[in-house]
Amino acid sequence: MKQIEVVAAVIHDDKGRIFATQRGYGDYKDWWEFPGGKMEAGETPKEALKREIWEELETRIVVERLVETVEWEYPQFRLIMHCYLCHVQSGRLELKEHEAARWLHKYELESVNWLPADEAVVKRLREGVTKDSE
């Protein structure tokens with residue numbers, strides 16, 4: 001089975017909200033996810049994440065810490081997703097690839113239909129647990 005390694009940004013603001021994006025394409029169109037994308041050869045996860053967020057949202061981020069690495073088997077491929085807690089350094093989070101976005105409080109995280117792999121991260125966020133706090 002094909003394996004894909006990606007990075008995802010759990011972008012938070014000073015109000016404790018999390019930025020969620022809605023896919024506008026593919027098999028999972030209209031599902032919600034944390035923004036990010038594939039790592040390129042020679043990139044560290046943090047470098048890839050900064051590049052992907054710039055490409056998708058024209059925003060510079062500060063990568064804080066690892067929240068979770070999720071391994072998930074979709075019907076077409078096996079996903080390894082490194083999810084990092086981040087905050088905006090500069091930019092307006094302008095949607096280039098997604099059809100919608102929302103800032104969600106912790107209690108609102110279940111109000112959208114998350115991709116299966118992202119749901120594991122949502123659960124960890126609801127519990128208030130990150131790798132650094134364990």
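Quick caveat: nothing in here was measured; it's all calculated off a predicted structure.

### As for the overall build of the protein
Phase 1 of the analysis: Helix and strand content of the protein: 2 helices and 7 strands.
Phase 2 of the analysis: When the helices and strands of the protein are read in sequence order from the N terminus, they spell out β-β-β-β-α-β-β-β-α.
Phase 3 of the analysis: Its C-alpha atoms give the protein a radius of gyration of 14 Å, near enough to 14 Å, the size a compact globule of 134 residues would have.
Phase 4 of the analysis: If one aligns the C-alpha atoms of the protein with their principal axes, the spans along those axes are about 40 × 35 × 30 Å.
Phase 5 of the analysis: When each of the 134 residues of the protein is scored for burial, the buried share is 43%.
Phase 6 of the analysis: For the protein, long-range pairs separated by at least 24 residues make up 67% of all intrachain contacts whose partners lie at least 6 apart in sequence.
Phase 7 of the analysis: Taken as a whole, the protein presents about 7200 Å² of accessible surface, with 46% of it coming from carbon and sulfur.
Phase 8 of the analysis: Computed over 20 positive and 27 negative side-chain charges, the separation of the two mean positions in the protein equals 2 Å.

### Focus: the confidence of the model for the protein
Phase 1 of the analysis: Averaged over the protein, the pLDDT score is 92; the fraction of residues at 70 or greater is 96%.
Phase 2 of the analysis: Counted against residues more than four places away or in other chains, residues 130-134, with its pLDDT under 50, gives 13 contacts.

### Let's talk about the sheet that holds strand S4 (residues 36-38)
In sheet architecture, strand pairing relies on hydrogen bonds along the backbone and comes in two forms, parallel and antiparallel.
Phase 1 of the analysis: Spatially, the 4 strands line up as an open sheet ordered S4-S1-S6-S5, and their pairing is mixed. Looking at the sheet topology across the chains shown, the edges are occupied by S4 and strand S5 (59-73). Pairs of neighbouring strands in the sheet enclose a mean axial angle of 20°, with direction left out of account.
Phase 2 of the analysis: Of the pairings in the sheet, the one linking strand S1 (residues 3-11) to strand S6 (residues 78-91) comprises 9 bridges and is parallel in character. Looking at S6, one finds that Gln 3 is bridged to Arg 78.
Phase 3 of the analysis: The strands touched by helix H1 (residues 45-57) are S1, S4, S5 and S6; relative to S5, the strand with the most contacts, the crossing angle is about 110°.
Phase 4 of the analysis: Along the sheet face, helix H2 (residues 116-127) touches S1, S5 and S6 and points at about 110° away from the line of S5.

### Things to note about the nonpolar core
Phase 1 of the analysis: One finds Val 10, Phe 34, Met 81, Trp 114 and Val 121 to be the most contacted residues of the largest nonpolar core, which totals 25 residues.
Phase 2 of the analysis: Looking at this core, the elements with two or more residues in it are S1, strand S2 (18-23), S5, S6 and H2.
Phase 3 of the analysis: Not counting residues up to four positions away in its chain, the partners in contact with Val 10 are Ile 18, Phe 34, Val 67, Cys 83, Tyr 84, Leu 85, Cys 86, Val 121 and Leu 125.

### Side note on the packing of aromatic side chains
Phase 1 of the analysis: Scanning the model with the defined rule gives 5 aromatic pairs in all.
Phase 2 of the analysis: Ring plane angle 65° and centroid distance 5.3 Å describe the contact between Tyr 28 and Tyr 74, whose orientation is recorded as edge-to-face. Linking Tyr 28 in the loop between S2 and strand S3 (32-33) with Tyr 74 in the loop between S5 and S6, this pair joins segments that are 46 residues apart in sequence.
Phase 3 of the analysis: The exposure class of Tyr 74 is buried, given its relative accessible area of 6%.

The rules behind these values
- Residues numbered from 1 in each chain as written.
- Predicted model: local features only at pLDDT ≥ 70, side-chain atom pairs only at ≥ 80, totals over all residues.
- Heavy atoms only, no water.
- Helix = DSSP H or I, 4+ residues; strand = E, 2+ residues; numbered from the N terminus.
- Rg over C-alpha atoms; globule rule 2.2 N^0.38 Å.
- Buried < 20%, exposed > 50% of the residue type's maximum accessible area, 1.4 Å probe, protein only.
- Contact = heavy atoms within 4.5 Å.
- Areas by Shrake-Rupley, 256 points an atom, 1.4 Å probe, with all protein chains shown as cover.
- Lys, Arg positive; Asp, Glu negative; His and termini not counted.
- Charge placed at Lys NZ, Arg CZ, Asp CG, Glu CD.
- pLDDT = per-residue confidence, 0-100.
- Pairing = 2+ DSSP bridges.
- Axes fitted to C-alpha atoms, helices over the stretch in contact; angles between N-to-C directions.
- Core = buried A, V, L, I, M, F, W, Y, C linked by side-chain atoms within 4.5 Å.
- Phe/Tyr/Trp six-rings, centres within 6.5 Å; stacked < 30°, edge-to-face > 60°.

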